[in-house]
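An overview of the molecular structure
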Amino acid sequence: MPPPPPTFEILLQTPSAIKTLPQAAQLHAQLITTANGASPACTTALLSLYSNLNALRPSLLLFAALPRPAATAWKHLIRCYTASGLPLESLRCFVRMIGSGVRPDHNVFPSVLKACASAAAIGMARSVHASVVRAGLEGDLYTGNALMSMYAKLKDMGNAAAIMFDEMPQPKIGGGLTRLTHSEFDSEESALSCVEKVFRAMPRRDIVSWNTVIAGCAQSGAYEEALRMVRRMGSENLKPDCFTLSSILPVFAEIVDVLKGKEIHGYAVRLGLHSDVFIGSSLIDMYANCERVEDSFRVFDMLPRRDHISWNSMIAGFVQNGFFNEGLALFRRMLGAGVRPVSVTFSSLMPACTHLTTLRLGKQLQGYVIRGGFERNVFIASALVDMYAKCGNIKTARWIFGGIEQHDEVSWTAMIMAYALHGHADDAIAVFKQMEAEGVRPNYVAFIAVLTACSHAGLVDEAWKYFNSMKSEYGIVPGLEHHAAVADLLGRAGKVKRAYEVISSMPMKPTGSVWSTLLAACRVHRNVELAEKVADKIFAADPDNIGAYVLMSNIYSHAKRWKEAANVRLAMRKRGMMKLPASSWVEIKNEVHGFISGDKSHPAYHGISQALSVLLERMEQEGYVPDTDEVLHDVDEEHKKHSLYNHSERLAIGYALITTVAGSTIRVTKNIRGDYRQG
DNA sequence: TTAGGGTTAG
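Owing to the predicted nature of the structure, the values given are computational and were not obtained by experimental measurement. Counting of residues starts from 1 at the beginning of each chain's written sequence and follows it residue by residue. Chains and ligands are labelled sequentially in the order written, the chains with letters from A and the ligands with numbers from 1. At least 70 in pLDDT is required for a residue's local features to be given in this predicted model, at least 80 for side-chain atom pairs to be given and counted, and no such filter applies to totals for whole chains, interfaces and linings, which use all residues. With hydrogens and water excluded, all non-hydrogen atoms of the structure serve as input to the side-chain values.

It suffices for a single heavy atom of a residue to lie within 4 Å of a molecule or strand for the residue to be listed as near it. Taken together, 51 residues are adjacent to DNA strand B, and N145, S281, N312, S347 and K390 come closest. Backbone sugar and phosphate groups make up 40% of those atoms of DNA strand B lying within 4 Å of the protein. Within the backbone of V277, a nitrogen or oxygen atom sits 2.9 Å from a base nitrogen of DNA strand B. S313 places a polar side-chain atom, nitrogen or oxygen, 3.3 Å from a sugar or linking oxygen of DNA strand B. Secondary structure elements are taken from DSSP: a helix is a run of H or I of four residues or more, a strand is a run of E of two residues or more, and numbering for both begins at the N terminus. For the surface near DNA strand B, the element with the highest residue contribution is helix α19 (residues 308-320), accounting for 7 residues. Here the term charged refers only to Asp, Glu, Lys and Arg, the term nonpolar to Ala, Val, Leu, Ile, Met, Phe, Trp, Tyr, Cys and Pro, and the term polar to all other amino acids, Gly among them. Of the residues assigned to the surface near DNA strand B, the class counts are 20 nonpolar, 21 polar and 10 charged. Each polar contact in these results corresponds to two N or O atoms within 3.5 Å; when the atoms are within protein, one needs to be able to donate a hydrogen and the other to accept it, and residues that are neighboring in sequence are counted only if both atoms are side-chain atoms.

A few words now on the pairing of strand β2 (residues 583-588). Strand pairing is assigned whenever DSSP identifies at least 2 bridges connecting the two strands. Here β2 runs beside strand β3 (residues 591-596); their pairing, made up of 6 bridges, is antiparallel. Counted as the bridge partner of V586 is H593 from β3. Linking two consecutive strands that pair antiparallel, namely β2 and β3, is a turn of 2 residues; a positive phi of about 45° is found at K589 within it.

Time to look at unusual backbone geometry. What is expected of a backbone is that most residues other than glycine have negative phi and most peptide bonds are trans. Located in the positive-phi region is A120, a residue other than glycine, with phi close to 55°. One non-glycine residue with positive phi stands out, namely V256, at about 50°. Within the secondary structure, V256 is located in the loop between α15 (242-254) and α16 (258-270).

Attention now goes to the UniProt feature "repeat: PPR" (unreviewed entry) in chain A. UniProt positions are given in the numbering used here, feature names are shortened, and annotations may be inferred rather than shown by experiment. Under the feature "repeat: PPR" (unreviewed entry), the UniProt entry names residues 70-104, 206-240, 307-341 and 408-442. Between the C-alpha atoms that bound residues 70-104 there is a distance of 10 Å. The span itself is 74% helix and 0% strand.

The domains assigned to chain A are domain 1 (407-478), domain 2 (480-579) and domain 3 (583-678). The split of the chain into domains comes from an automatic or database domain assignment. Taking only C-alpha atoms into account, the centre of domain 1 sits 27 Å from that of domain 2. Whether two residues touch is decided by their heavy atoms; if any such pair falls within 4.5 Å, the residues are in contact. With 15 residues of domain 1 in contact, the opposing surface of domain 2 contributes 14 residues. Together, the buried faces of domain 1 and domain 2 total about 1200 Å²; carbon and sulfur atoms form 74% of this surface. By buried area we mean the combined loss of accessible area, with a 1.4 Å probe, across both parts when two parts are placed together.

The strand order across the open sheet built from 3 strands is β3-β2-β4, with neighbouring strands paired in antiparallel fashion. Unpaired on one side and paired on the other, β3 and β4 (668-670) mark the two borders of the sheet. Direction aside, neighbouring strands of the sheet carry axes that sit 25° apart on average. The axes are straight lines fitted to the C-alpha atoms, using for helices just the contacting stretch, and the angles between their N-to-C directions are given from 0 to 180°. Its contacts with the sheet place helix α37 (residues 648-659) against β2, β3 and β4, and it is angled at close to 15° to β2.

Moving on, we get to the packing of aromatic side chains. Pairing of aromatic side chains here covers Phe, Tyr and the six-membered ring of Trp, requires ring centres within 6.5 Å, and sorts the geometry by plane angle: under 30 degrees stacked, over 60 edge-to-face, intermediate tilted. Considering all chains together, one arrives at 19 aromatic pairs under this definition. Seen from their ring centres, F539 and Y549 are 4.6 Å apart, and the 45° between their planes marks the pair as tilted. In this pair, F539 is assigned in helix α32 (residues 528-541) and Y549 in helix α33 (residues 546-558), connecting sequence segments 10 residues apart. Ring-pair connections join several aromatic residues into one group, and the members of that group are F297, F300, W311, F318 and F323. Charges are assigned to positions over rings by a cutoff of 6 Å between ring centre and Lys NZ or Arg CZ, combined with an angular limit of 35 degrees from the ring normal. Positioned over the ring face of W311 is R306, at 5.7 Å from the centre of the ring.

The working definition used for a salt bridge is a side-chain nitrogen of Lys or Arg within 4 Å of a carboxyl oxygen of Asp or Glu. One pass over the full model with this rule turns up 14 salt bridges. A salt bridge links D386 to K390, with the shortest nitrogen-to-oxygen separation between them at 2.6 Å. Here D386 pairs with K390, and both are found in helix α23 (residues 378-390), just 4 residues apart, close to one helical turn. Taken together, the shared-partner salt bridges connect R292, D295 and R298 into one network.

This is the structure in structure tokens:
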């Protein structure tokens, strides 16, 4: 009767029994004391143990001890490299394997293809695909799935991808193989069509195959195709699982179809998949994109387990829907829960600071960004450019912009818009030209930015030039915003009739706000007749447009047509429209102080008033004459002067003057919109 | 061995 085999041999035959690194090390130690412990068979078996545990160092040592590594040994090392986040090493290893005369088989290709995707090695990807064909493994299920996944991941990779691969030593993968360049890959066929081609050619498909092709379609914007594929799955008796659902939910988020999204939600609940973290974050995002942020929060709140993406989805959902304070509060909660913020957290959160124009919070957030080493992340940097510009600090905005290594269309546009908002039209146009010179094609938003720049600087001819070039040179159809910018410019330049023509002949229906800008221009240029015409247009579309009432009342006041002005105000009161006083706020020593026009309730009001009197006296000494013309109420001059001096921004400046040291920067923020509400 | 979710400019 043969003796029972030693324990370690049993263990080697059932490698799944080894679950931890110490267990593997223990077995390894026992094994080297035996006679054939150093045999290639034992070494390879140990290598497989270590590589399954993603232990790269011991795997490398064992591999080095093999005089002639067999295909299995290569496979384990390549897999371990890929899993350890070293795709280039993985590919080098694959090239060496071929060089040593070992033929690649169905075991090794999935890891190699995954490495191609991670390294964004497009040329290598094509070579390996050809190698798969030469090995006759096109029909292999796992290899086919890995091929599709690779092409799906390579889809968005730009020039950086080609560069990364070109740094690698040129592979020589057998005879008859050509390495295609990046441009060939792009011009021949889209990555999505590669995914679909592999899918169609597969003799056997499993749920992974379907999920891969569905995700590929969804991520490439082929929404209809993705949905058709989900319906087709059923014909092969496969039911959508949590992978399918988390890939398909972003489609409904994108096309803003909350009904279909809810159907998927219901399906997930019925299958008990709704507590899956992936589905959870897709649901949060879908509801948020459909402006149903309460539903997003309900999903978030009920998740039994949350990872950093669940938190990020909810933070982004809040911020994108204008719930800035809620987004910031959730960020604090996330930190409190011990979840580390990632780059996406900051790029989602930065717009909240921008909209709240709280430079203090933005700077705090930037501190986190710097400590996390995310400063050069193009998403974060673009948001920071925008934040600094909107908080009044264009120099810092420019400095951050300069630190971005690879500018994309968004970061360029953020910088153009930053200059535009500050009235630096020449700089804005220079940046626009530089963007083109560096090979980044301006998009729809970039034209809004450059037209805004022209508009704020009164560059009528420049604006028309850009507007006309949009369609003829760039193939971009001008939208509402572009027409509005041109009309706004014409109005500001006093060409109100021309602006009226542009708006009237727009290919789309003008919104109330487009007409309102013209109405504002009519006020500035004192064209009562046209103003009445424009107001009719606004009230026809939107009888409750409060801004238009206010403007008309002001226009009549300007023209000293007090009776008509009073009629407008009466009409407003009848409709229940109430005036909300203008307000300004200023940050002093990490605290925000708000002031409303005419308000005397601030504890420091006395000091403010004194400071303002001193200041005013000196201003008048130096020749300042208050422009009471802009105070439009039907009251006497002395009252006009009084209401001018108690403007909320003056109160804020007065407070800042008495609480900060000389030479400090004072940043006052004012609400210029929403001065009225329907009460 | 292969598959899924969240981000910046208007």
